[in-house]
Amino acid sequence: MPDLRSGVRRSKRINDIQENAAALVPATRRGAGRGDDSKAQAIKSPSPKPYNPAFFYPRPRPAGRGRGARAMNQDKNGKLFGTGVGGRGRVGLDLAAREVVTIPDEVVAEKGAEKLAAVEEEGSASPLPEKVQISNSPMYKLDRKLGKGGFGQVYVGRRVTGGTGRTGPDAFEVALKLEHRNGKGCSYGPPYEWQVYSTLNGCYGLPLVHYKGRQGDYYILVMDMLGPSLWDVWNSNSQMLSEEMVSCIAVEAISILEQLHLRGFVHGDVKPENFLLGLPGSPNEKKLYLIDLGLASRWREASSGHHVDYDQKPDVFRGTVRYASVHAHLGRTGSRRDDLESLAYTLIFLLRGKLPWQGFIGENKGFLVCKKKMATSPEMLCCLCPPPFQQFLEMVTNMRFDEEPNYIKLISLFDNSIGSIASLRPIRIDGALKVGQKRARLSEQEDGGQPKKKVRLGSPAMQWISVYNSRASMKQRYHYNVMDSRLHQHVEKGREDGLYISCVASSTNLWAIIMDAGTGFTSQVYELSTIFLHKEWIMEQWDKNFYITSVAGASNGNALVVMSKGTPYNQQSYKVSDVFPFKWINKKWKEGFFVTSMTTAGSRWGIVMSRNAGFSNQVVELDFLYPSEGIHRRWESGYRITSTAATADQAAFILSTSKRRTQDVTQETLRTSAFPCTHVKDKWSKNLYIASICYGRTVS
Ligand SMILES: Nc1ncnc2c1ncn2[C@@H]1O[C@H](COP(=O)(O)OP(=O)(O)OP(=O)(O)O)[C@@H](O)[C@H]1O
């Protein structure tokens, strides 16, 4: 029996009943027009791909130095590793398994361990070597410290014996990067960065590594010594750099990134501190270099040459919060666009001295920074910058995951901001000039295409997001704008007509209920509660073998929970959380649970996961807007949306592959500012039925 527990009951007329028996929809009503506000997406029956466990369990990732410590150990820019926008989890990288592993939230314990490691590294147990000689290198005496990162300490090495050169492999002065064998990045052998240098050594714009090896307790890289970082230059220049200087940095940095990308890697941590100039007083003092390959990863598979697969793990964050791309915040697989977005923030920072998302603190800093990045349009961010900077930002934030950047075009944006006399330029732009020669040849091919659809832009909107699946003709009915007091009678009427509730949703504290004849349920109960979510009642029903089949939260914190018999589930678990609980979902996936319903109440998430849900694999798309690209990519890989929920900030989609491989469901989505009555009827006429619905954040 339905158990109605809502507090306030008002009676008011509602526009809430529509019914369909698909076969009965009059032909004249078919194809009814859509409101202008609707945005539709659809996938037309592509064949689902075979089960790919890599989508389900963390897949091997090339990068990894166990940078989990960064989450606790933020530098002046809040460089952080491990806390994504969706959760508070921390992530480290297990070098042995080469897998991303999620570390529980044991902040204090981790922090203690980290300090211990630092003491060991610098303490008396393993004093730094006084002299260094690696394989057949000259011998160097350790001199002054050049810098210290989260992992390595970098010292000047002064040659004491062997070698005669002023530069190169036997230079009088080199940079020695030392990492203790017990350090965070060395648990399984040499630092990950060494592997990357093995492939990338000699790449344009990277310092040359001349020797690498272990001496005593330290892994040591011997590399070209460089000068100040762009952060140092900016700082000693009243925290502001000229337009010409930043334009030169832009073009040279783009060509360095182009060369790195050509070798199949993305840098993953582009920021002012990682660009160094050549040694002052040397012929290279105006030359730009990119250092720190500890977060570099492949965007192109080494063996096949194919672009790496798209994925999103919303609690995996790698990089530096201030400069990270929005995709990096959201835990998407890194690709070339991310380095360029970070470069855009770097350039604007150097030019303007500040970025609008500086100053956030606290546990959900990553979330707040990402939200602010999404809410700041290129016009706003670049309102005090010369036009090329805005154009650059617009181009790079509208790139697709696997899109090849048009480096030539990006460089050419800054053409007019750079002086024509090479010797007077504040930064050498040798790399960009080489690209310039190519530019002449390629210019005819440029700009032949259509104007690009803007991915990131659009004004934030609260909309209905409805998802439709193709299925055999059946009876479906919807009610919307339903007040608490009217719920019971609609449900009862539906039950009399042989219908069960298949989905529920809420907008402005009124309910939407979808009832249909195709659920397979044999019995159903529901509760309207002021508790999100009401544990005692749910457990009571679990005891009676009912399982949660749909759930909706209202912005006032009320919840509507529907539980049914006749489901395939044999175990269930749910979680209420202030942030999207990806870490928990990930853990439950590994235990054989799949998300079967999901909702929000205000900014809180409620997620229900079940065993024996009939899915073979499941992924998440979470964004501050409608994640169109991600959904299309998942559709193409055979996934279909099986749950949706949204707050006023974020929309989340759960996409699943079915165990029944023959299943070939056509799916469409719609975004409308009003409840999609007309559209639903239109869909019914094509045997498309609402499979999931929610109200929340999109862009219009
Ligand atoms: N070749 C070099 N020449 C001069 N200084 C250098 C060189 N390489 C690194 N440094 C200095 O040492 C610092 C730390 O180096 P690096 O960023 O490679 O270490 P890390 O431990 O990987 O740092 P992070 O925590 O940023 O990843 C740099 O910020 C820079 O100031």
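Since we're looking at a predicted model, the values are computed, not measured. (Residues numbered from 1 in each chain as written. Predicted model: local features only at pLDDT ≥ 70, side-chain atom pairs only at ≥ 80, totals over all residues.)

J.: Account for the overall build of the protein chain, naming residues and giving values.
T.: Counting secondary structure elements, the protein chain contains 17 helices and 31 strands. Residues classed as buried in the protein chain amount to 50% of the 700 residues present. Sequence separation of at least 24 residues holds for 73% of the intrachain contacts in the protein chain that already meet a minimum separation of 6. (Helix = DSSP H or I, 4+ residues; strand = E, 2+ residues; numbered from the N terminus. Buried ≥ 20, exposed ≤ 12 C-beta atoms within 10 Å, placed from the backbone. Contact = placed C-beta atoms within 7 Å.)

J.: How would you summarise the site of the ligand if you had to cite specific residues and measurements?
T.: Around the ligand sit 21 residues in total, of which Gly147, Gly149, Gly150, Val154 and Ala175 are the nearest. Within the residue set of the shell around the ligand, elements represented by two or more residues are β7 (139-148), β9 (173-180) and β11 (218-224). With three residues, β7 is the largest single contributor of residues to the shell around the ligand. Counting contributing residues per domain, the shell around the ligand is built from domain 1 (131-223) and domain 2 (228-436), each supplying no fewer than three. (Near = placed C-beta within 6 Å. Domains from an automatic or database assignment.)

J.: Outline the sheet that holds strand β26 (residues 604-611), listing residues and values.
T.: A sheet is described by the order of its strands in space; here three strands give the open sequence β24-β26-β25, paired in antiparallel fashion. On the outer flanks of this sheet lie β24 (571-577) and β25 (593-601), each paired with one strand and no other. For this sheet, the mean angle separating the axes of adjacent strands, direction not counted, is 15°. Pairing between β25 and β26: eight bridges, direction antiparallel. Within β26, the residue paired with Met598 across the bridge is Ile607. (Pairing = 2+ DSSP bridges. Axes fitted to C-alpha atoms, helices over the stretch in contact; angles between N-to-C directions.)

J.: Please give an account of the packing of helix α5 (residues 243-262) against helix α7 (residues 336-352) that cites residues and values.
T.: At a minimum axis distance of 10 Å, the contact between α5 and α7 shows a crossing angle of 165°. Classed by the angle they form, the pair α5 and α7 counts as roughly antiparallel. For the crossing formed where α5 meets α7, the hand is right-handed. Together, Glu243, Val246, Ile249, Ala250, Ala253, Leu257 and His261 of α5 and Arg336, Asp339, Leu340, Leu343, Leu347, Leu350 and Leu351 of α7 make up the contact between the two elements. (Parallel < 35°, antiparallel > 145°, perpendicular 65-115°, else oblique. Left-handed = near helix turned anticlockwise from the far one by under 90°.)

J.: So what about the UniProt feature "binding site: ATP" (unreviewed entry) in the protein chain? Which residues, and what values?
T.: Those places that UniProt annotates as "binding site: ATP" (unreviewed entry) correspond, in this numbering, to Lys177. Among the structural elements, Lys177 can be located in strand β9. Among the residues examined, Lys177 registers 27 C-beta atoms within 10 Å and is labelled buried. When near neighbours in sequence (up to four residues on either side) are disregarded, Lys177 contacts Gly152, Val154, Ile220, Leu221 and Met223. (UniProt positions renumbered as here; feature names shortened; annotations may be inferred.)

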